[in-house]
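# Structure at a glance
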Amino acid sequence: MWIDIFAYNDNVPPPIVIAPRIPQGYVLRCIIYNTEDVILDETNVLGESMSDIYVKCFLEGEKKEKQETDVHYRSLTGEGNFNWRMVFPMDFILQEHKMVQKKKGKFWHIEKSVKKVDPIFHVEVYDKDVLSRDDLLGWTEMDLTRLPAPTKTAQECTLEIYENEALHPRMSLFEKKKIHGFWPVFDDSMGIRELTGKVEMELEILTEEEAAERPAGKAREEPNTNPSLEEPSRPETSFNWFTNPWKVFKILVWRRYRCTSSSASSSSFSLCL
């Protein structure tokens, strides 16, 4: 607390407003289009390396409100196709570059506690497992007020995006409004940052009023607009083994060994003649 004392005259300045700034409501929209070059973490029954890829995203301090794509099963190349929209409401103070989050404390607390956090957006790429915990393959954390400029193609996408600000200048999503491109994900759990995949996504920030004027549903749900997202085009080998065992045999076994079986049958027939 402080007290200002002024001389008794007509030059007393007006009072200064010291009330906390009121945050403005925003909506962050993230569209996960594709992944490329994700590391292959599993081996299928035919000895081929593969991963069941999905992407999870959340805002700093809001991990319980995480959202994730569906699963691109049996990727043999590290490519995943999603066309999946995520929508994150947030309160933000533009002058302070801080998100404002209100959380309920102990059960006896009457009012929610208010916390200011940096606008960090988390992107994580996983390999889906059925009988064990899903494997975290790669991740990145991006400050929405200092986003590294993405690349236009997967071939150009390297860890240099995070390491070389001269070639990849930082930009504020609150100024650019919408950014689309490829960002790398990595694993630095062993102390060395290793490139483990690339994510093609679009980030867009809107005020609550703008979001109401241009509605968009989560995933591909209605209203599927701004933009409209189509079902991803995935290879027929992308499916859950446990839901269709006959398809497993038909696609992964029969088609692979059909030519061998046909050749063997022809040879046997010739011998009989």
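In this report, the structure presented in the accompanying data block is examined.

Per the secondary structure count, the protein chain includes four helices and 14 strands. Classification of the 273 residues of the protein chain by burial places 42% in the buried group. Sequence separation of 24 or more characterises 61% of the internal contacts of the protein chain that already satisfy a separation of 6 or more. Accessible surface computed for the protein chain: about 16,900 Å², of which carbon and sulfur atoms make up 54%.

Moving on: the pattern of salt bridges. Taken as a whole and judged by the stated rule, the model has eleven salt bridges. One salt bridge in this structure joins Arg21 and Glu96, with 3.0 Å as the shortest N-O distance. With a gap of 75 residues between them, Arg21 in the segment before strand E1 (24-36) and Glu96 in the loop between strand E6 (80-93) and strand E7 (98-103) connect regions that are remote in the sequence. Using a relative accessible area of 46% as the deciding quantity, one classes Arg21 as partly exposed. Accessibility expressed as a relative area gives 25% for Glu96, which makes it partly exposed.

Moving on, we get to the packing of aromatic side chains. In this structure the tally under the stated criterion is seven aromatic pairs. Ring geometry for Tyr26 and Phe174: centres 5.3 Å apart, planes at 90°, overall edge-to-face. On the criterion of sequence distance, the pair formed by Tyr26 in strand E1 and Phe174 in helix H2 (residues 173-176) is long-range, its members being 148 residues apart. Side by side, Tyr26 and Phe174 carry an identical accessibility label, which is buried. Ring plane angle 75° and centroid distance 5.8 Å describe the contact between Tyr162 and Phe186, whose orientation is recorded as edge-to-face.

Cut-offs used in this document
- Residues numbered from 1 in each chain as written.
- Predicted model: local features only at pLDDT ≥ 70, side-chain atom pairs only at ≥ 80, totals over all residues.
- Heavy atoms only, no water.
- Helix = DSSP H or I, 4+ residues; strand = E, 2+ residues; numbered from the N terminus.
- Buried < 20%, exposed > 50% of the residue type's maximum accessible area, 1.4 Å probe, protein only.
- Contact = heavy atoms within 4.5 Å.
- Areas by Shrake-Rupley, 256 points an atom, 1.4 Å probe, with all protein chains shown as cover.
- Salt bridge = Lys/Arg side-chain N within 4 Å of Asp/Glu carboxyl O.
- Phe/Tyr/Trp six-rings, centres within 6.5 Å; stacked < 30°, edge-to-face > 60°.

None of the figures reported here should be taken as evidence of function without further support.
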